[in-house]
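# Coordinates in review
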Amino acid sequence: MSNDTLNPKVMPEEPEKATLEGKNKFLGFWFFLGGETVLFASLFGTFLALRNSTNGGPSSQELFGLDLVFIMTMLLLTSSLTSVVAIYQMKKNNFAKMQAWLAITVILGFGFLSLEIYEFYEYITLEDFTFRSSAFGSAFYTLVGFHGGHVLFGLLWILTLMIRNAKRGLNLYNAPKFYVASLYWHFIDVVWVFIFTVVYLMGVI
Amino acid sequence: MTENINSTNSDGYYEQKKKEEMKHQLITFALMIIFTFIAFGMVLAELDKLFVIPIIIVLAIVQVIFQLYYFMHMSHKGHELPSIMIYGGLSVAFLTILTFLVLIWW
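In this text, all values refer to a predicted model and were calculated from it rather than measured experimentally.

### A word on the UniProt feature "transmembrane region" (unreviewed entry) in chain A
Cross-referencing UniProt, the feature "transmembrane region" (unreviewed entry) maps to residues 27–48, 68–88, 100–118, 138–163 and 183–203 of chain A in the present numbering. What you have in residues 100–118 of chain A is 100% helix and 0% strand, and the ends, taken at the C-alpha atoms, are 27 Å apart.

### Some points on the UniProt feature "domain: Heme-copper oxidase subunit III family profile" (unreviewed entry) in chain A
The sites that UniProt annotates as "domain: Heme-copper oxidase subunit III family profile" (unreviewed entry) are residues 27–204 of chain A. A distance of 39 Å separates the end C-alpha atoms of residues 27–204 of chain A, which is 81% helix and 0% strand.

### Brief notes about the domain arrangement of chain B
Residues and elements named next belong to chain B. When its domains are assigned, chain B resolves into domain 1 (9–75) and domain 2 (77–106). Here the C-alpha centroids of domain 1 and domain 2 sit 21 Å apart. Counting residues at the interface gives six residues for domain 1 and five residues for domain 2. For the domain 1 and domain 2 pair, buried surface summed over both sides reaches about 420 Å², with 62% attributable to carbon and sulfur atoms. The three residues of domain 1 that bury the most area against domain 2 are Leu 68, Tyr 69 and Met 74, which together make up 74% of that side's buried surface. Class assignment of the residues belonging to the side of domain 1 that touches domain 2 gives a composition of four nonpolar, two polar and no charged.

### Section: helix H3 (residues 66–91) of chain A
Residues and elements named next belong to chain A. Given a rise of 1.5 Å per residue, 26 residues ought to cover 38 Å, and the 38 Å separating the end C-alpha atoms of H3 matches this to within 8%. The buried fraction of H3 amounts to 20 of the 26 residues, a majority that puts the element mostly inside the structure. Positive backbone phi, approximately 60 degrees, marks Asn 93, located one or two places after H3.

### Brief notes about unusual backbone geometry
We note that Asp128(A) has phi near 55 degrees; this positive angle belongs to a residue other than glycine. Positionally, Asp128(A) belongs in the loop between helix H4 (95–125) and helix H5 (135–164). Residue Asp128(A) is classed as exposed on the basis of its relative accessible area, which comes to 57%. For Glu46(B), which is not glycine, the phi dihedral falls at a positive 55 degrees. Within the fold, Glu46(B) resides in the loop between helix H1 (12–44) and helix H2 (49–71).

### Quick notes on the packing of H3(A) against H2(B)
As a packed pair, H3(A) and H2(B) sit with axes 12 Å apart at the nearest point and diverge in direction by 15 degrees. The angle between H3(A) and H2(B) places the two elements in the roughly parallel class. Where H3(A) crosses over H2(B), the handedness of that crossing is left-handed. On H2(B), the residues that touch Leu77(A), Ser80(A), Leu81(A) and Val84(A) of H3(A) are Gln63(B), Gln67(B) and Phe71(B). Residues that form the contact of H3(A) with H2(B) fall into these classes: four nonpolar, three polar and no charged.

### As for the UniProt feature "transmembrane region" (unreviewed entry) in chain B
Residues and elements named next belong to chain B. UniProt's feature table lists "transmembrane region" (unreviewed entry) at residues 26–45, 51–72 and 84–105, given in the numbering used throughout. With 95% helix and 0% strand, the stretch residues 26–45 has end C-alpha atoms that lie 28 Å from each other. Taken end to end, residues 51–72 is 95% helix and 0% strand, and its first and last C-alpha atoms sit 31 Å apart.

### Points about the packing of aromatic side chains
All names here are of chain A. Enumeration according to the criterion identifies 31 aromatic pairs over all chains in this entry. When the centroid spacing of 6.4 Å and the interplanar angle of 55 degrees are considered together, the rings of Phe 40 and Phe 187 count as tilted. Taken as a pair, Phe 40 in helix H1 (residues 20–50) and Phe 187 in helix H6 (residues 175–204) lie far apart in primary sequence, 147 residues in all. Overall, Phe 40 belongs to the buried group, its relative accessible area being 3%. Taken together, the ring pairs in this structure connect Phe 47, Phe 64, Phe 112, Phe 120, Tyr 123, Phe 129, Phe 136, Phe 140, Tyr 141, Trp 192 and Tyr 200 into an aromatic cluster. Residue placement shows Lys 17 over the ring face of Phe 26; its charged tip is 4.2 Å from the ring centre.

### Some points on the interface of chain A and chain B
Residue-level contacts link 51 residues of chain A with 51 residues of chain B. Summed over both sides, the interface between chain A and chain B buries roughly 4500 Å², with carbon and sulfur atoms accounting for 81% of that surface. Area buried by chain A at its contact with chain B is led by Glu13(A), Trp30(A) and Ile205(A), which between them contribute 15% of it. Between the two partners, chain A and chain B, sit zero salt bridges.

### Regarding the pattern of salt bridges
Residues and elements named next belong to chain A. For the structure on display, the rule yields four salt bridges over all chains. Linking Glu 14 and Lys 17 is a salt bridge whose minimum nitrogen-to-oxygen distance equals 3.9 Å. Glu 14 gets classed as partly exposed once you look at its relative accessible area, which sits at 28%. Note on Lys 17: relative accessible area 13%, which makes it buried. Between Glu 16 and Lys 91 there is a salt bridge whose closest N-O contact spans 3.9 Å.

### Section: the nonpolar core
Looking at soluble globular proteins, one finds that nonpolar side chains tend to be buried together. In this structure, Trp30(A), Phe140(A), Trp192(A), Ile195(A), Val199(A) and Tyr200(A) are the most contacted members of the largest nonpolar core, which totals 79 residues. Those elements that place two or more of their residues in this core are H1, H3, H4, H5 and H6 of chain A together with H1, H2 and helix H3 (80–105) of chain B. Discounting chain neighbours no more than four positions away, the residues touching Tyr200(A) are Phe64(A), Leu66(A), Val69(A), Glu119(A), Tyr123(A), Phe140(A), Val144(A), Trp192(A) and Ile195(A). Counting residues in hydrophobic clusters, the runner-up holds eleven residues, among them Met74(A), Val84(A), Tyr88(A) and Phe71(B).

Cut-offs used in this document
The residue numbering used here restarts from 1 in each chain and proceeds along that chain's sequence as written. Following the order in which they are written, the chains are lettered starting with A and the ligands numbered starting with 1. Local features in this predicted model are restricted to residues of pLDDT 70 or higher, and side-chain atom pairs are both shown and tallied only at a pLDDT of 80 or more, whereas totals for entire chains, interfaces and linings draw on every residue. Excluded from the side-chain calculation are hydrogens and water; included are all heavy atoms of the structure. UniProt positions are given in the numbering used here, feature names are shortened, and annotations may be inferred rather than shown by experiment. In this text, helices come from DSSP runs of H or I with a minimum length of four residues, and strands from runs of E with a minimum of two, each type numbered from the N-terminal end. Domain start and stop positions are those given by an automatic or database domain assignment. Contacts: residue pairs with any heavy atoms within 4.5 Å of one another. Throughout, the accessible surface (probe 1.4 Å) given up by two parts as they are put together, summed over both, is called the buried area. Classes in brief: Ala, Val, Leu, Ile, Met, Phe, Trp, Tyr, Cys and Pro nonpolar; Asp, Glu, Lys and Arg charged; the others, Gly included, polar. Here the expected span of a helix is defined as 1.5 Å times the quantity of residues minus one. For every residue, the accessible area (1.4 Å probe, protein chains only) is compared with the maximum for its type, and the residue is labelled buried under 20%, exposed over 50%, or partly exposed between those bounds. Comment: axis = line fitted to C-alpha atoms, over the contacting stretch for helices; angle = value between 0 and 180 degrees taken between N-to-C directions. Roughly parallel means an angle under 35 degrees; roughly antiparallel, over 145; roughly perpendicular, 65 to 115; everything else is oblique. Helix crossings are classified by the rotation of the near helix relative to the far one: an anticlockwise turn of less than a right angle makes the crossing left-handed, while a clockwise turn makes it right-handed. Only Phe, Tyr and Trp rings take part, Trp by its six-membered ring, and two of them pair if their centres are within 6.5 Å. Stacked means planes under 30 degrees apart, edge-to-face means over 60, and tilted covers everything else. Here, a charge over a ring is recorded when the distance from Lys NZ or Arg CZ to the ring centre is within 6 Å and its angle to the ring normal is within 35 degrees. When a carboxyl oxygen of Asp or Glu is within 4 Å of a side-chain nitrogen of Lys or Arg, the pair counts as a salt bridge. Remark: nonpolar core denotes a set of buried residues (Ala, Val, Leu, Ile, Met, Phe, Trp, Tyr, Cys) joined through side-chain atoms within 4.5 Å.

Laid out in structure tokens, this is it:
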């Protein structure tokens, strides 16, 4: 195993693009991200258009508090940095450290997700604000919930990669997989930046 | 200091480059945190709505550009097609949001 082409002693400069499969994955994933951008835009457009249609139910000013959102934002921003560090360790061919940083990323991500679930739970039980309350409710839960779904998918994806490759170690076959998963994680953070700005901050004003 | 003349990735040049990149990424992270603080701070300070909203949107866009170029490595070589895709996506995204808003608010 030590000297075949997929498992070189010294990692090339860009291990994620060293193979044709890696190059294709890299391009294909960016194509996918372009599509995801449009998908989220349609949800943002719907939310912006309907955010004042409260149908007599709670409005965003009455609902949103910024404390929880701020903590969630910090968790997700930090997890974006830790996944950057993981890829840095990947390029240095340091598998154990990469796994450790990915583990921190996953923990921060689960922290974010639990806070989001807690937030939804409070809205539904205490404020009686549900998906069916109003057009604002539907648009809010669709947009933020869709992002939450992406977070969950990203976490399961990274965890799967970590477990599947735990004994294999890093090689040119799985380096693109880790790289692409980290791109996905950053993209989730990009979407969240707009969610906390457009949904929460603009909702509180 | 010994100079390494062949360019495998074990030589100092790439090490230096990686360190440099990590430095940029840490600066990016610090800026993102600062922008977030400014955005939340401006909303908590209850300034005028028409003043705050454009600024927090610009802050979000700048933050995302930093994220794309430094965290997602778009500043590296070989990102021509990814740039086309993401900017193509962003233009369609802009048109989509504009359409929805005009449809509902007109």
